[in-house]
Each structure stands twice: as structure tokens, then as C-alpha cells.
Amino acid sequence: MSNIVDPLVGRIAARIRAERERRGWTLARLAEESGVSRAMINRIERGESSPTAVVLGKLSAAFQLGIASLLALAEGAPPERDRDTDGEAGVCRRAEASEWRDPATGYRRRQITGPRFPAEVAEIRLPAGARVPYPAAAFAFVHQVVWVLDGRLTFHDGDDIYDLGPGDTLELGDPAPRVFANTTDAECRYAVILTRGARP
């Protein structure tokens, strides 16, 4: 699937622009806060360039949002669900779910929960050999658990390194620079579960 034609890319672009404008920031201010060039941010907001997971991490850190929160806000409500009569419960079919793909690493992310659910749950597929670093600020204002479903994940939490296998979970503490790495020759599939704390 081409990430450029994926409508989710356009929604991510709109969300980044909306978060910047909500703060009254110029492109130059966001570039200064994030370390992402003004030209790159401009291309992303115009839908001319698909951001990588690393760039999204830097932008979410500048906004003091977790990257999962930024992507979940961009994804909005999941596709039309098969609702029950009171409109609360519903089924989201796998074939209809939006999936974001990092053009640099092939990392794929699918939002599991909808906007009314009190926690955010996402399924991640990290290809063999992929490595995705995030700054500490990308983890501000969230409580997060990583749960490995298949394969192995090498997780760098500041100076600590964890080798996680199927069924292993890691509850993250205070924000720190973090790296999700797959050092094996097979895909790693894991879930990220987070709840939001207070944020600006």
C-alpha cells in the first residue's frame, strides 16, 4: 500500500497543522521546538511528504503529546462499526481498520480502540531489523504498557535495555528516551496500551 495515497496521511497532516495552530505557533516555532526542519514540516502539513515514525515522535514531543495520542487523534473514530441498539458497543472489522505505515522502516500501526474508550490500544508490527527511537518528551503525560504478542522486541528505556518475548509486558515509568528495536530476522508484533494524564 502506498503511504502517500493513504487518506490517513492527510488526516495526520491536518492534525499536526491543527495542533500547531491551536498553540498559535508558526512553522518556525514548531521547527525550533521539535528539531524538524521548517521545510519538512511544511511538506508534511501540505500532504506532500509522509512523516516517518521518528519525525512524528519529535513533533509529538514538541506538542507534549504521546505519539500514540497524536496518531489516535489523527485517526479519529475507527471505521463504521456494527453497533448494538444503544449505540455503545460495536465491532470494527479487521479489513476496514486504518493502518499507518512508516515509510522509513515499514513499521505498521493499527488503532484498536475508538475515541470513547478510556484507554488507547494500538497494534504495532515492527519488521525485522527495524529500529525506531523516540525522545523522552514523546512519552510525557501518558501511562503506557508494551505487550509483546509475537516475535522479540529489544526495548531501550533510557539506559536500561529489555529483551521481551511473546507474552512479556513492560510498564513504562517516567519519560525517558526510548527505542523500539527488532534485532531478529522475523517480524515483531506488540500492543501499546496507554492512558492519558494531564497535558497542556
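Structural data are supplied above this passage.
Residues numbered from 1 in each chain as written. Predicted model: local features only at pLDDT ≥ 70, side-chain atom pairs only at ≥ 80, totals over all residues. Heavy atoms only, no water.

Q: What exactly am I supposed to notice about the overall build of the chain here?
A: Helix and strand counts for the chain stand at five helices and twelve strands. Scored against the burial criterion, the 200 residues of the chain give a buried share of 44%. Considering only intrachain contacts with a sequence separation of at least 6, the fraction spanning at least 24 residues in the chain is 63%. Here the chain has roughly 9,800 Å² of accessible surface; of this, 51% comes from carbon and sulfur atoms. (Helix = DSSP H or I, 4+ residues; strand = E, 2+ residues; numbered from the N terminus. Buried < 20%, exposed > 50% of the residue type's maximum accessible area, 1.4 Å probe, protein only. Contact = heavy atoms within 4.5 Å. Areas by Shrake-Rupley, 256 points an atom, 1.4 Å probe, with all protein chains shown as cover.)

Q: I keep staring at the nonpolar core and nothing clicks. Help me out?
A: For soluble globular proteins, nonpolar side chains are generally found buried alongside one another. Core analysis: the largest hydrophobic core is formed by 44 residues, its most contacted members being I16, L126, Y134, L153, F180 and Y190. For this core, the element with the most residues is helix α4 (residues 53-63), which contributes seven residues. Beyond its immediate stretch of four places on either side in the chain, Y134 contacts A53, G57, I67, Y107, F139, P177, R178 and F180. (Core = buried A, V, L, I, M, F, W, Y, C linked by side-chain atoms within 4.5 Å.)

Q: What should I look at first to understand the packing of helix α2 (residues 27-34) against α4 in this one?
A: Interaxial distance between α2 and α4 falls to 8 Å at its minimum, and their mutual angle equals 105°. The angle between α2 and α4 places the two elements in the roughly perpendicular class. Contacts between α2 and α4 involve L30, E33 and S34 from the former and K58, L59, A62 and F63 from the latter. Here the contact of α2 with α4 is composed, by residue class, of four nonpolar, one polar and two charged. (Axes fitted to C-alpha atoms, helices over the stretch in contact; angles between N-to-C directions. Parallel < 35°, antiparallel > 145°, perpendicular 65-115°, else oblique. Nonpolar A, V, L, I, M, F, W, Y, C, P; charged D, E, K, R; others polar.)

Q: Honestly, helix α3 (residues 38-45) in this entry has me stumped. Any pointers?
A: Every α-helical turn comprises 3.6 residues, leaving residues that sit three or four positions apart pointing alike. Those residues of α3 that sit buried are I41, I44 and E45. Down the axis, α3 shows its buried residues gathered within 95° of arc, on one side only. Looking one or two residues beyond α3, the residue adopting positive phi is G47, at roughly 75°. (Arc of directions from axis to C-beta.)

Q: In this structure, what is going on with the environment of L164? I would like to understand it.
A: Relative to the elements of secondary structure, L164 occurs in strand β9 (residues 160-164). C-alpha separation for the pair L164 and L149, spaced 15 residues apart in sequence, amounts to 9.8 Å. Not counting chain neighbours up to four residues away, the residues in contact with L164 comprise V148, G151, R152, L153, F155 and L170.

All we've got here are geometric facts, nothing functional implied.
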